[in-house]
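Below, each chain spelled out in residue letters.
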Amino acid sequence: MPAKSLFVTKLYEARAPRAAALNAELAHAMRVTANDDNAGRRWCAEKKYPGYTSYASLNDLPWRAPAFASLQEIAGEHVAAFSRELDFDLGGRPLSLDSLWINIVEPGGQHTGHIHPHSVISGTYYVEMPEGAGGLKLEDPRLAMMMAAPPRRARAAPEQRPFHYVRPRAGDLLLWESWLRHETERNDSNADRLSVSFNYKWG
């Protein structure tokens, strides 16, 4: 009998409607917020973050600008669809937005491997992705347990490889389960990479 695929790790990909207009509004709101957020800029300087993030300073972006509220609505629809794809039994309690934050990554900046604890589904919406801005790298969650396993062939099927690379465009929305380790590749462009990330929790 042929081998079966078990314990599948899913990546959800979508395009935002009217992405160009939404991205223009988001980019403006992101830069205004970054300019006004003194606490966030101090945190970024202390942590040597390569650019600006509102992760540690603001938790009310959808109330600050209509563009963020629009993105929350779009993300919520796709999170609901993804949860159905994952066969989650939510017991009548829908997933709800836990956090949403700005990422403005300067040339040369990157975000090393990490997970998003205390949430169920995480994602990123890409606002400005200049050529060479770097993509998303996803890691096989079994990687630490492979020990003596031989390497995969260079042309192995995507689902057999230890890492999966995504090259998102502006207007793309990606979702994954929050336990999935991932990293943002180095921004090798000459401009900032703009994105908005978010977490959804259950209950």
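How each quantity is defined
Residues numbered from 1 in each chain as written. Predicted model: local features only at pLDDT ≥ 70, side-chain atom pairs only at ≥ 80, totals over all residues. Heavy atoms only, no water. Salt bridge = Lys/Arg side-chain N within 4 Å of Asp/Glu carboxyl O. Helix = DSSP H or I, 4+ residues; strand = E, 2+ residues; numbered from the N terminus. Buried < 20%, exposed > 50% of the residue type's maximum accessible area, 1.4 Å probe, protein only. Core = buried A, V, L, I, M, F, W, Y, C linked by side-chain atoms within 4.5 Å. Contact = heavy atoms within 4.5 Å.

**Here we look at the pattern of salt bridges**
Inference 1: A complete count under the given rule lists ten salt bridges for this structure.
Inference 2: Note that Arg-167 and Glu-185 form a salt bridge whose closest N and O atoms lie 2.5 Å from each other. You can see Arg-167 sitting in the loop between strand S7 (163-166) and strand S8 (172-177) and its partner Glu-185 sitting in the loop between strand S9 (182-184) and strand S10 (193-202), a full 18 residues away along the chain.
Inference 3: Arg-167 gets classed as exposed once you look at its relative accessible area, which sits at 54%.
Inference 4: Glu-185 sits in the buried class, given a relative accessible area of 19%.
Inference 5: Three or more residues are tied together by salt bridges with common partners; here these are Arg-15, Arg-169 and Asp-172.

**Overview of the nonpolar core**
Inference 1: Formed by 39 residues in total, the largest nonpolar core has its most connected members in Leu-26, Met-30, Phe-68, Tyr-125, Val-127 and Leu-175.
Inference 2: Those elements that place two or more of their residues in this core are strand S1 (11-15), helix H1 (19-36), helix H4 (66-85), strand S3 (95-105), strand S5 (121-128), S8 and S10.
Inference 3: Contacts of Leu-175, omitting those with residues within four sequence positions, involve Lys-10, Leu-11, Tyr-12, His-78, Val-79, Phe-82, Ile-121, Ser-122, Gly-123 and Phe-198.
Inference 4: Within the second largest apolar cluster, nine residues are counted, among which are Ala-133, Leu-138, Val-166 and Leu-180.

Don't take any of this as a statement about function, it's just geometry.
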